[in-house]
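A look at the structure
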Amino acid sequence: MAFELPALAYAPTALEPHIDAKTMEIHHGKHHQAYVTNLNAAIAGTDAEKLSIEEICKNISKYPMPVRNNGGGHYNHSLFWTLMAPNAGGNPTGDLAAAIDKAFGNLDEFKKQFATAAATRFGSGWAWLCVKEDKSLCVCSTPNQDNPLMDIAECKGTPILALDVWEHAYYLHYQNRRPDYVGAFWNVINWTKVAELYKNAM
């Protein structure tokens, strides 16, 4: 089965003013579609055609760079869209909130570490909140379209929150002000989805 571009659960305008509609339309409809198209071409006729995107990522060292770049791009973006929602933001609650407090001391310290990971990633990449193998939480970043599922990743874990810091994710609206984009992200985080992913990872 060929991979497909997942539909957004909200309109491209739904995250304004924090994430503008034009960026969403180009980011989802053009950039993500290109990763899907190129991934399907890269795995055509190989065993990877029968695997889930998670299985491909977990064994990414077996595959050539086009699979790593486009497979990562597809997985990362497919997750990213679900982690945002209109009228979202606020704060995590329940077990997720308790886990954040345990790992980072408090929510503000987590936000500080996550924002630093996003703002200081040189060039293109992603910032992550992950559940590690020992079930603790960690913040890290990866270059390009790598992610913590990949067997080549320096920081390994199950991603439960992700922020795209490629320029295509923010440059139309924020230009070179990546920290402003990172700050705006807190207003659109779908903490219900993050909590669901946390529960599944545990």
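That block above? That's the structure.
Below is a short write-up of the structure. Everything quoted here is computed from the prediction, not taken from an experiment. (Residues numbered from 1 in each chain as written. Predicted model: local features only at pLDDT ≥ 70, side-chain atom pairs only at ≥ 80, totals over all residues. Heavy atoms only, no water.)

Let us look at the sheet that holds strand 1 (residues 125-131). Ordered in space as 2-1-3, the three strands form an open sheet in which the pairing is antiparallel. Whereas interior strands pair on both sides, the edge strands pair on one side only; in this sheet they are strand 2 (137-143) and strand 3 (158-164). Sheet twist, expressed as the average angle between the axes of neighbouring strands with direction ignored, equals 25 degrees. Against the sheet, helix 3 (residues 65-82) touches strand 1 and strand 3, its axis set at about 85 degrees to strand 3. (Pairing = 2+ DSSP bridges. Helix = DSSP H or I, 4+ residues; strand = E, 2+ residues; numbered from the N terminus. Axes fitted to C-alpha atoms, helices over the stretch in contact; angles between N-to-C directions. Contact = heavy atoms within 4.5 Å.)

What follows covers helix 5 (residues 107-120). Under the 1.5 Å per step criterion, the end-to-end length of helix 5 is 20 Å for 14 residues, consistent within 8% with the ideal 20 Å. On its buried face, helix 5 sits against helix 4 (94-104), strand 1, strand 2, strand 3, helix 7 (178-185) and helix 8 (191-201). Measuring from the side-chain oxygen of the N-cap residue of helix 5 to the backbone nitrogen of Asp108 gives 3.2 Å; that N-cap residue is Asn106. (Expected span 1.5 Å × (residues − 1). Polar contact = N/O pair within 3.5 Å; in protein donor to acceptor, adjacent residues only side chain to side chain.)

Time to look at the nonpolar core. Across soluble globular proteins, you tend to see nonpolar side chains buried next to one another. Phe110, Leu161, Leu163 and Tyr181 are the most contacted members of the largest nonpolar core, which has 64 residues in total. Looking at this core, the element that brings in the most residues is strand 1, giving six residues. Once you skip the residues sitting within four places of it in the chain, Phe110 turns out to touch Ile100, Phe104, Leu129, Val139, Leu161, Trp186 and Trp191. (Core = buried A, V, L, I, M, F, W, Y, C linked by side-chain atoms within 4.5 Å. Buried < 20%, exposed > 50% of the residue type's maximum accessible area, 1.4 Å probe, protein only.)

Let us look at the pairing of strand 3. By the criterion of burial, strand 3 is predominantly enclosed, with six of the seven residues buried. The pairing of strand 1 with strand 3 spans six bridges and is antiparallel. Along strand 3, the bridge assignment pairs Ala127 with Leu163.

Attention now moves to the state of the cysteines. Applying the stated criterion across every chain yields a total of one disulfide. With its sulfur 2.2 Å from that of its partner, Cys140 forms a disulfide with Cys155. As the torsion about the S-S bond is roughly 65 degrees, the Cys140-Cys155 disulfide counts as right-handed. With Cys140 in strand 2 and Cys155 in the loop between strand 2 and strand 3, this residue pair connects regions lying 15 residues apart in the sequence. Each member of the pair, Cys140 as well as Cys155, is classed as buried. Between Cys130, a free cysteine, and Cys140, which holds the nearest cysteine sulfur, the sulfur-to-sulfur gap is 4.5 Å. Note on Cys138: no disulfide assigned, nearest cysteine sulfur contributed by Cys130 at a separation of 4.9 Å. What makes Cys138 buried here is its relative accessible area of 14%. (Disulfide = S-S within 2.5 Å.)

From the geometry alone we can't say anything about function, so treat these as descriptive.
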